Amino acid sequence: MEKQQRQMTDAELAKTLGKYQTRAFLYLLFGLIGIIAGIVCYFAVPAPIPKTILTFVLFGGGLCTAIFLSGGAQKKCTALLEEGLGDFFRAEYEKKFGTERADASLVIDAAYVQSIAPLAGEWEECEIEHFHTGVHGDVPFSAANIRLIHVYERGNIREDRAEWRDLVAQGLVLRCQTECIAQVPLYVTARKKDDPVDTTGDAAFDSRFRTDDALSSAMRTWILDLDACVPGTILCLRWEENTLAIVLKTDYAFAAVASRVDLRDLDAARQSYRASLTQMAHILDAIHANPALYANKPKEETL
């Protein structure tokens, strides 16, 4: 009969987490140094053969170190954190947002993110993490962090073309049900430099967003206020039927420990997790304050 694995003490857990976190950082640092050195050799070394060898070894080795070794250490760190503090995380989440439930109307996946089209045309792949569902103020919601990635081929006709992947943006997708039904679909996106000039007559709104829909002044003001209070900036907002979806460009991680936290301090990790839940509650409170979306609020000007 196999012996049951002994659970780590907090001191042992903190020490092991710190080791993996430090290892992930050092691997990433060494990897970046190798990549930069490889690029420098490519342009600085005149002899073809040494240039090829040095570029391949330094750039390739640096890339592998940054992606595989650093990434592997980070995955071990994440898995150990979940193993050691998972019960605490789940208890805190249920205390704040109730028990998670499967709800097809609130699913967030790559296909859904593609359908609401944040930064349309700039990315091809979407990675999803930290997907959760819950209820806040009697309103069901779901949220997930995303990474939008541009995938393309690079090279010339004399060389094999290689696939490259660039991070376009990272952020958060939030979906929540609304008490009111949108009379017409509403879609607002962050303004880009090359967007055509169109105006709602609201200079503050037009400098930040664009839309083809007719918005009331109250709705425009609410969107600007929401953009000011969320972590990061709004990339797009869609209200259709009884579902509101918002995509933020942000490094805020929902229901997670912030990457900047020193995991050797477990109390700081717990505090960071709680703070991520509180931040989501603040965002949802700002959404619930809009009477165009929720009938239980005092009526103001709507769409």
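Refer to the preceding data block for the structure.
Rules behind the numbers
- Residues numbered from 1 in each chain as written.
- Predicted model: local features only at pLDDT ≥ 70, side-chain atom pairs only at ≥ 80, totals over all residues.
- Heavy atoms only, no water.
- Pairing = 2+ DSSP bridges.
- Helix = DSSP H or I, 4+ residues; strand = E, 2+ residues; numbered from the N terminus.
- Expected span 1.5 Å × (residues − 1).
- Polar contact = N/O pair within 3.5 Å; in protein donor to acceptor, adjacent residues only side chain to side chain.
- Buried < 20%, exposed > 50% of the residue type's maximum accessible area, 1.4 Å probe, protein only.
- Contact = heavy atoms within 4.5 Å.
- Patch = residues over 30% accessible without salt bridge, like charges linked within 9 Å, V, L, I, M, F, W, Y side chains within 5 Å.
- Areas by Shrake-Rupley, 256 points an atom, 1.4 Å probe, with all protein chains shown as cover.
- Salt bridge = Lys/Arg side-chain N within 4 Å of Asp/Glu carboxyl O.
- Lys, Arg positive; Asp, Glu negative; His and termini not counted.
- Charge placed at Lys NZ, Arg CZ, Asp CG, Glu CD.

*Asks:* Give a description of the pairing of strand β1 (residues 125-136) that names residues and reports values.
*Replies:* Here β1 pairs with strand β2 (residues 139-154) via ten bridges, running antiparallel. Note on β2: the bridge partner recorded for E127 is R147.

*Asks:* Summarise helix α6 (residues 266-288); cite the residues concerned and give the values.
*Replies:* Taking 1.5 Å of rise per residue, the 23 residues of α6 would be expected to cover 33 Å, and the 33 Å separating its terminal C-alpha atoms lies within 8% of that figure. N-capping of α6 is provided by D265, with a side-chain oxygen placed 3.2 Å from the backbone N of D267.

*Asks:* Help me get a handle on the environment of V113, residues and values and all.
*Replies:* The residue V113 is located in helix α3 (residues 110-116) in this model. With a relative accessible area of 0%, V113 lands in the buried category. A C-alpha to C-alpha distance of 9.7 Å links V113 and A245, two positions 132 residues apart in sequence. Not counting residues within four places of it along the chain, the set of residues in contact with V113 comprises I108, P118, W123, C126, I128, I146, L148 and V173.

*Asks:* Mind laying out a positive patch on the surface, listing which residues take part and the relevant values?
*Replies:* Residues K15, K19, R23 and K76 make up a contiguous surface patch of positive charge. The element that contributes the greatest number of residues to the positive patch is helix α1 (residues 10-44), accounting for three residues. Here K76 lies in helix α2 (residues 48-97). Residue class for K76 comes out partly exposed when judged on its relative accessible area of 48%.

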